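# Coordinate inspection notes
Next come the chains, spelled out residue by residue.
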Amino acid sequence: MLRRWHLAVLALLAVTALACEGGAGAADPDSGAQPTRTRTKPPATAVSGYPASMAALGDSITAGVGSCLAYLACSRNSWSTGTGDDVDSHYRRILAENPKIKGHAHNFAEPGAEANALAAQATRAVDAKVSYVTVLIGANDACAASVSGMTSVARFRDGVDAALSRLKKGLPKARVLVASIPDLYRLWQVGRDDAEVVRVWRAGGVCPSMLVNPGSSAAADEQRRRAVRDRIDAYDAELREACAKYGSRCRWDEGRVHDVRFSIDLLNTFDFFHPNLKGQNELADVTYPGDFTW
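Residues numbered from 1 in each chain as written. Predicted model: local features only at pLDDT ≥ 70, side-chain atom pairs only at ≥ 80, totals over all residues. Heavy atoms only, no water.

Applying the stated criterion across every chain yields a total of 3 disulfides. Shown here is the disulfide that connects C68 with C74, its sulfur atoms set 1.7 Å apart. As far as burial versus exposure is concerned, C68 and C74 are alike and both buried. One disulfide in the model links C243 with C250; its S-S distance is 2.1 Å. Judged by the torsion about the S-S bond (-120°), the C243/C250 disulfide is left-handed. Cysteines bonded in the protein are numbered consecutively along the chain; their disulfide partners then correspond to 1-2, 3-4, 5-6. (Disulfide = S-S within 2.5 Å. Buried < 20%, exposed > 50% of the residue type's maximum accessible area, 1.4 Å probe, protein only.)

So, in structure tokens, the structure goes:
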């Protein structure tokens, strides 16, 4: 969910990225270790349907920004394609059922990406010939410098449709999971009374359309926050409809990501905005389809 003003910081810290992984947004080599978290296995009857390759599309949430030891992309901790020992990602869950997916997970999510960048990521997924794709996009479209700068609902839908069209044409047999957008209004609610969170939000300029003046109860500030909340709800409605239009190979998450009640302990302490490792695991838990029979 990084905006453009964070990209310069990421560039200065890029040399530190080796401490977290091979590079931002790159697929991590699997360590072979089993995840430490417990989970319920999908029904045995669905084993034959597990994909042998996958790709993640989206923004800094899926890129794992802030989930390692630095404020950088950390795809090894991604809820979708993460290979780290401590994240029970979709990839690791599938790997436990289908070893053929080992080494075939691609994270094309880009910090700062908005819906209009999704089609280019979809093209990379098509080129990789994957059989499963996750999509989580929209936070940056809402996190503008002001309410007037948010992506219009129509433009947002155009970007999503363009990406899904490329996937359907290039990967007609692939399964696609479309996730809803986190509830940023809820995020403001849980952080507004925490002095450290407010300090970081003010200093970092994170998602100003929602989080500027986080401690204010003025009518204008509340109206602004509700406008962002309503725009995210509208985006989610378009994501749901776009997935339904795609057909039986697309599954909507039924709003589960949006319904996550993000608490401070699920956020990294760099910006109190992006999910930390625990938050990434929460996203994996609520989005994992459990079977691949659709």
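Let us now look at unusual backbone geometry. Most peptide bonds take the trans configuration, and most residues that are not glycine carry a negative phi. Its identity is not glycine, yet K129 carries a phi of approximately 55°, on the positive side. Counting through the fold element by element, K129 comes out in the loop between α4 (118-128) and β3 (132-136). The phi dihedral of N213 is positive, around 50°, even though this residue is not glycine. Tracing the backbone through its elements, the reader meets N213 in the loop between α9 (208-211) and α10 (219-246). (Helix = DSSP H or I, 4+ residues; strand = E, 2+ residues; numbered from the N terminus.)

Our next topic: helix α3 (residues 90-97). For α3, the buried fraction is high: 7 of the 8 residues fall into the buried class. Taken together, the buried positions of α3 are occupied by H90, Y91, R92, R93, I94, L95 and E97. Here the buried face of α3 lies against β1 (54-58), β2 (105-107), β3, β4 (175-178) and α12 (277-287). (Contact = heavy atoms within 4.5 Å.)

The next thing to look at is the side chain of S80. Mapped onto the secondary structure, S80 falls in the loop between α2 (60-63) and α3. The exposure class of S80 is buried, given its relative accessible area of 0%. If we skip the residues at most four places from it in the chain, S80 touches M54, A56, T62, S89, H90, Y91 and T134.

The residue T151 is located in the loop between α5 (139-142) and α6 (153-170) in this model. Excluding anything up to four places from it in sequence, T151 contacts E114, D141, F156, R231 and Y235.

So, on to the pattern of salt bridges. Taken as a whole, this structure holds 11 salt bridges when the rule is applied. A salt bridge links D88 to R93; its shortest N-O distance comes to 3.6 Å. Like R93, D88 is buried. Through salt bridges with shared partners, a single network forms among R157, D161, E238 and E241. (Salt bridge = Lys/Arg side-chain N within 4 Å of Asp/Glu carboxyl O.)

With that settled, consider the packing of helix α7 (residues 184-191) against helix α8 (residues 195-204). For the pair α7 and α8, the least separation of the axes is 9 Å and the interaxial angle reads 125°. Classified by the interaxial angle, the pair formed by α7 and α8 is oblique. Counted together, L187, W188 and G191 of α7 and V197, V198 and W201 of α8 form the full contact between these two elements. Split by residue class, the contact of α7 with α8 holds 5 nonpolar, 1 polar and no charged. (Axes fitted to C-alpha atoms, helices over the stretch in contact; angles between N-to-C directions. Parallel < 35°, antiparallel > 145°, perpendicular 65-115°, else oblique. Nonpolar A, V, L, I, M, F, W, Y, C, P; charged D, E, K, R; others polar.)

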